[in-house]
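What follows is each chain in one-letter form.
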Amino acid sequence: MSWSETDVAGNLALMRALFDEGYKIAESLLDTGAVDYIAMQGIPESVAADTLELARAKHAFRGAALTLLAVKHLNPTQDIRAHKSEYAGGFAARTYDTRATIPFLIDKSLPRSVESHWLTQTLSFAGPLETTLVLKTQPKKIGPLFIKVVNAANSDETGSLAKSLLTLIIFALIEIRNKERVVLTRPKSLPIVTIEKLLRSHMSVSYKTGAPRLPQIAIYAIYRCILEQMDRFSGQQLEALARMKSADRKAGTVGDIVVIEDGKPIEAVEIKFNQPITLINVLEAIDKVRAESVSRYYLLSTAGIDSSEQDSILAKADEFEKQNGCEIIVNGVFETIKYYLRLLPNTTEFLNYYAEILEKDEDVGYEHRIAWNECCAAI
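Attention in this report is confined to the structure presented alongside it. Remember, predicted model here, so these are calculated numbers, not experimental data.

## Describing the side chain of Glu270
In step 1: Its location among the elements puts Glu270 in strand S3 (residues 264-272).
In step 2: Among the polar contacts made by the side chain of Glu270, one reaches the side chain of Lys272 at a distance of 3.0 Å.
In step 3: Reaching out from Glu270, the side chain makes a polar contact with the side chain of Lys288 at a distance of 3.1 Å.

## Here's the deal with the pattern of salt bridges
In step 1: Counted by the stated rule, this structure contains 21 salt bridges.
In step 2: Salt-bridge contacts for Arg186 lead to Glu359; the nearest nitrogen and oxygen are separated by 3.0 Å. Of this pair, Arg186 sits in the loop between helix H8 (160-179) and helix H9 (192-203) while Glu359 sits in helix H14 (residues 348-360); the two residues are 173 residues apart in sequence, bridging distant segments of the chain.
In step 3: Given a relative accessible area of 24%, Glu359 falls into the partly exposed group.

## Looking at unusual backbone geometry
In step 1: With omega at -5 degrees, the peptide bond leading from Gln138 into Pro139 counts as cis.
In step 2: The topology assignment puts Pro139 in the loop between helix H6 (121-124) and helix H7 (142-154).
In step 3: We note that Ser109 has phi near 55 degrees; this positive angle belongs to a residue other than glycine.
In step 4: Among the structural elements, Ser109 can be located in the loop between helix H5 (93-107) and H6.
In step 5: For Ser109, a relative accessible area of 43% corresponds to the partly exposed category.
In step 6: Residue Ser189 is not a glycine yet carries a positive backbone phi of 50 degrees.
In step 7: Relative to the helices and strands, Ser189 resides in the loop between H8 and H9.

## Structural notes on helix H12 (residues 310-324)
In step 1: Look at H12: 21 Å from first C-alpha to last across 15 residues, which is about the 21 Å you get at 1.5 Å a residue.
In step 2: Taken together, the buried positions of H12 are Ile313, Ala317 and Phe320. Buried residues in H12, looked at end-on, bunch into an arc of 65 degrees, giving them a common side. Exposed residues pointing more than 90 degrees away from the buried face of H12 are listed as Asp311, Lys322 and Gln323.
In step 3: At its buried positions, H12 is contacted by helix H11 (279-289) and strand S5 (327-332).
In step 4: Phi turns positive one or two residues past the end of H12, at Gly325, with a value near 95 degrees.

## Side note on the packing of aromatic side chains
In step 1: All told, the structure shown has 8 aromatic pairs when counted by the stated rule.
In step 2: On the numbers, 6.1 Å between centres and 70 degrees between planes, the contact of Tyr223 with Phe233 is edge-to-face. Taken together, the residues span a long stretch of sequence, with Tyr223 in helix H10 (residues 213-229) and Phe233 in the loop between H10 and strand S1 (237-238) at a distance of 10 residues.
In step 3: Ring centres 5.2 Å apart and planes at 65 degrees place the aromatic pair Tyr339 and Tyr340 in the edge-to-face group.

## Points about the environment of Val205
In step 1: Tracing the backbone through its elements, the reader meets Val205 in the loop between H9 and H10.
In step 2: Residue Val205 is classed as partly exposed on the basis of its relative accessible area of 32%.
In step 3: Val205 sits 132 residues away from Ile337 along the chain, and the two C-alpha atoms are 19 Å apart.

What counts, and where the lines are drawn
- Position labels on residues start from 1 in each chain and follow its written sequence.
- Predicted model: local features are reported for residues with pLDDT of at least 70 only, side-chain atom pairs are reported and counted for 80 or more only, and whole-chain, interface and lining totals are derived from all residues.
- Remark: hydrogens and water are excluded; side-chain values derive from all non-hydrogen atoms of the structure.
- By the criteria applied, helices consist of DSSP H or I runs no shorter than four residues and strands consist of E runs no shorter than two, each listed in order from the N terminus.
- Here a polar contact is recorded for every N or O atom pair within 3.5 Å, except that within protein the pair must consist of a potential hydrogen donor and a potential acceptor, and residues adjacent in sequence are included only if both atoms are side-chain atoms.
- Just to be clear on terms, a salt bridge is a Lys or Arg side-chain nitrogen sitting within 4 Å of an Asp or Glu carboxyl oxygen.
- Burial classes follow relative accessibility: with a 1.4 Å probe on protein chains only, a residue under 20% of its type's maximum area counts as buried, one over 50% as exposed, and anything between as partly exposed.
- The span you would expect from a helix comes to 1.5 Å times its residue count less one.
- Each direction from the helix axis to a C-beta atom contributes to the arc, which is the arc of those directions.
- Should any heavy atoms of two residues lie within 4.5 Å, those residues are considered in contact.
- Two rings from Phe, Tyr or Trp (for Trp, the six-membered ring) form a pair when their centres are within 6.5 Å of each other. A pair whose planes differ by under 30 degrees is stacked, one over 60 is edge-to-face, and the rest are tilted.

Here is the structure:
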C-alpha cells in the first residue's frame with residue numbers, strides 16, 4: 001500500500017478500499033456493539049467516546065473526519081491538520097472528500113452532506129486544525145469534538161489509530177441508517193378521496209425537518225405513473241429527484257421535478273409547501289424558463305393560490321404564454337394529484353411509488369416514515 005502525492009486516482013482507489021474494509025468491520029460489530037472492538041484496538045476511552053459522539057451528531061464534520069482519518073491511515077506522515085494544499089505540508093482534503101468519501105457514503109446509503117463536507121463555511125475557511133483552533137458550530141460541542149478526534153489521530157505516526165476511529169464512525173453511521181429503515185405500508189386500490197385525506201394527514205404532521213420534501217415526493221410519484229400511462233409523454237424521461245439543498249439549491253435547475261426529451265427539459269414543476277402561490281412566484285418562474293426549452297411549467301403549492309392575486313397571476317401567465325409559448329400552470333398540489341389519479345387505471349401504483357421513494361429518500365427520515373405508517377393505520 002503506497003500513497004503518492006501525484007497519483008490522485010491511485011489514492012482515491014486506496015481510500016475506497018479502506019472505506020470498504022472499515023465498513024465490513026463495522027457491520028460485524030452491530031450485534032455486539034463497539035466496546036470489545038475499542039478495547040481490542042487499544043483506543044483510549046476518551047478518544048473513542050469523542051469519536052462516537054461526533055459520529056452520532058448530524059453535522060458535516062463527521063464526514064470530514066472520515067476523509068482526514070482515511071488519509072492519515074494511508075499516508076501516516078501526512079499532517080492531516082493541514083487540510084488545504086495552500087497550508088505548509090498541506091493536501092487537498094476537499095478533493096478526496098468529494099471523490100472518495102461522498103461516493104462511498106452514497107453507495108452505502110449512509111448519512112452525508114450533499115456534495116462535499118467542506119462546503120460548510122466553518123470548515124472551508126478554517127485554518128490548520130490545531131488544538132488551539134476554535135470552530136464555531138451548531139451544536140457548539142461539534143467543533144471541539146472534531147478538533148480532538150483529528151488531533152488524536154494525527155499524533156499517531158503509525159496511522160493505525162486513524163483506521164480504528166474511521167471504523168467507529170462508520171459503525172455509528174450504519175446504526176443511524178439502520179434505525180431509519182422502516183418497512184412502509186403500501187395501501188391498495190384506495191379511493192381518490194381517501195388518498196387525498198391520507199396525503200394531507202401525512203404532510204400536516206409537525207416534523208422537525210423535511211416536511212417540504214413530502215409534496216415533492218408525491219408529485220414525483222404521480223409523474224412516474226403518468227409517464228408510463230399517457231401518450232403525450234412518449235419518448236420522454238423523468239430526471240432523478242434531486243436532493244434538497246440550501247437556499248441556492250435551484251441554481252442551474254429548472255424546477256423540483258423535470259421531464260426531459262433528448263436531454264432537454266420540456267416540462268417542469270416547482271413546489272411550494274404551506275405557502276400560497278403569489279404573483280412574485282410566477283414572475284420568478286417566467287424569468288427562470290424564458291430562455292429554456294420548457295413548454296409547460298407547473299407552480300404547485302399545498303396551500304393553493306393567493307386568492308387576492310389570482311386574477312393578476314392568471315393574466316401574467318396568459319401574457320407569457322402568448323409571448324413565449326410556455327404554458328405556466330398554477331394549481332394546488334392535492335388538486336393536481338387528484339386530477340392525474342383519475343386518469344390512471346387504479347391508484348395502487350401511485351401509492352407504491354410514494355412509499356418506495358419515502359422509504360429510500362435521503363431528505364426524509366425515521367419520523368416521516370413512522371408517520372406514514374401511522375396515517376395509513378388511521379384511514
